[in-house]
Amino acid sequence: MQMSKPLLGELASMRLSSREPALVREVYLLGGGQPVVFAHSVLPRRHLRGAWLGLRVLSNKPLGASLFANPKVCRAGLEFKKLTPQHKLYQLAIAHMQKPQQPNILWARRSIFILNHAKIIVTEVFLPHVLTQVKQ
């Protein structure tokens, strides 16, 4: 995790100014030894307190375990989006893929989790290998 500026679409969803820093975490989730999901999470610095404070030191622990373990955390509705190669999340997600393996589109889903009026946005980009894991 590092302090950085959220992506443009995240600014609107979180009602942040373009100058407001946020804690950004990007990880690949593996299935069968292959990356199947690129996860991108954003927590505004001003919300990095109280129950969310522990998110700063997650290291390689799953974020979902922290979110779903607290019964006070609410999840807003899911948003889905088709990402093209021009989208920044697409580019981040395929950064480690070989050129011939890069698909024309990727699908993503986004959730906002809320605890005591503090929000964290979690976007999951589904990589091509997720389909091979589903078939097994």
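Just so you know, these numbers come straight off a predicted model, no measurement behind them.

Further remarks concern the overall build of the protein chain. From N to C terminus, the protein chain includes 4 helices and 7 strands. Put simply, the protein chain runs from its N terminus to its C terminus through helices and strands in the order β-α-β-β-α-β-β-α-β-β-α. Taking 2.2 N^0.38 as the reference for a compact globule, 136 residues should give roughly 14 Å; the C-alpha atoms of the protein chain span a radius of gyration of 15 Å, in line with that estimate. Oriented by its inertia axes, the alpha-carbon framework of the protein chain measures out at about 45 × 30 × 25 Å.

Quick look at the side chain of Glu124 now. In this fold, Glu124 is placed in strand E7 (residues 118–126). Judged by relative accessible area, which is 16%, Glu124 ranks as buried. A distance of 2.5 Å separates a polar atom in the side chain of Glu124 from a polar atom in the side chain of Arg109. With sequence-adjacent residues up to four places away left out, Glu124 is seen in contact with Val37, Phe38, Trp107, Ala108 and Arg109.

Counting 14 residues, the largest nonpolar core has Leu43, Trp52, Leu55, Leu63, Leu67, Phe113 and Ile120 as the members making the most contacts within it. The set of elements that each furnish at least two residues to this core consists of helix H2 (63–69), strand E6 (106–115) and E7. For this core, the leading source of residues is E7, giving 3 residues. In this structure Trp52 touches Leu43, His47, Leu67, Val73, Phe113, Ile114, Leu115, Ala118, Lys119 and Ile120, once residues within four positions along its chain are discounted. Of all hydrophobic cores here, the second largest spans 12 residues; its members include Leu83, Tyr90, Met97 and Leu127.

Going through the model one piece at a time under the given rule, you end up with 2 salt bridges. With a closest N to O distance of 2.3 Å, Arg46 and Glu20 form a salt bridge. Residue Arg46 is found in the loop between strand E3 (34–44) and H2, and its partner Glu20 is found in the loop between helix H1 (8–14) and strand E2 (22–31); the two are separated by 26 residues along the sequence. For Glu20, a relative accessible area of 15% corresponds to the buried category. The salt bridge partner of Glu124 is Arg109, with a shortest N-O separation of 2.5 Å. Here Glu124, found in strand E7, pairs with Arg109, found in strand E6; they are 15 residues apart in sequence, far enough to count as distant. The class for Arg109 is partly exposed, based on a relative accessible area of 25%.

Looking now at the packing of aromatic side chains. Following the criterion strictly, the structure yields 2 aromatic pairs and no others. For the pair Tyr28 and Phe38, a centre-to-centre distance of 5.2 Å together with 55° between the ring planes defines the contact as tilted. Highlighted residues: Tyr28 in strand E2 and Phe38 in strand E3, separated in sequence by 10 residues. Looking at Tyr28, the relative accessible area reads 27%, which means it is partly exposed. Here Phe68 and Phe113 contribute two aromatic rings whose centre-to-centre distance is 5.7 Å and whose plane-to-plane angle is 85°, an arrangement assigned as edge-to-face.

What counts as what
- Residues numbered from 1 in each chain as written.
- Predicted model: local features only at pLDDT ≥ 70, side-chain atom pairs only at ≥ 80, totals over all residues.
- Heavy atoms only, no water.
- Helix = DSSP H or I, 4+ residues; strand = E, 2+ residues; numbered from the N terminus.
- Rg over C-alpha atoms; globule rule 2.2 N^0.38 Å.
- Buried < 20%, exposed > 50% of the residue type's maximum accessible area, 1.4 Å probe, protein only.
- Polar contact = N/O pair within 3.5 Å; in protein donor to acceptor, adjacent residues only side chain to side chain.
- Contact = heavy atoms within 4.5 Å.
- Core = buried A, V, L, I, M, F, W, Y, C linked by side-chain atoms within 4.5 Å.
- Salt bridge = Lys/Arg side-chain N within 4 Å of Asp/Glu carboxyl O.
- Phe/Tyr/Trp six-rings, centres within 6.5 Å; stacked < 30°, edge-to-face > 60°.

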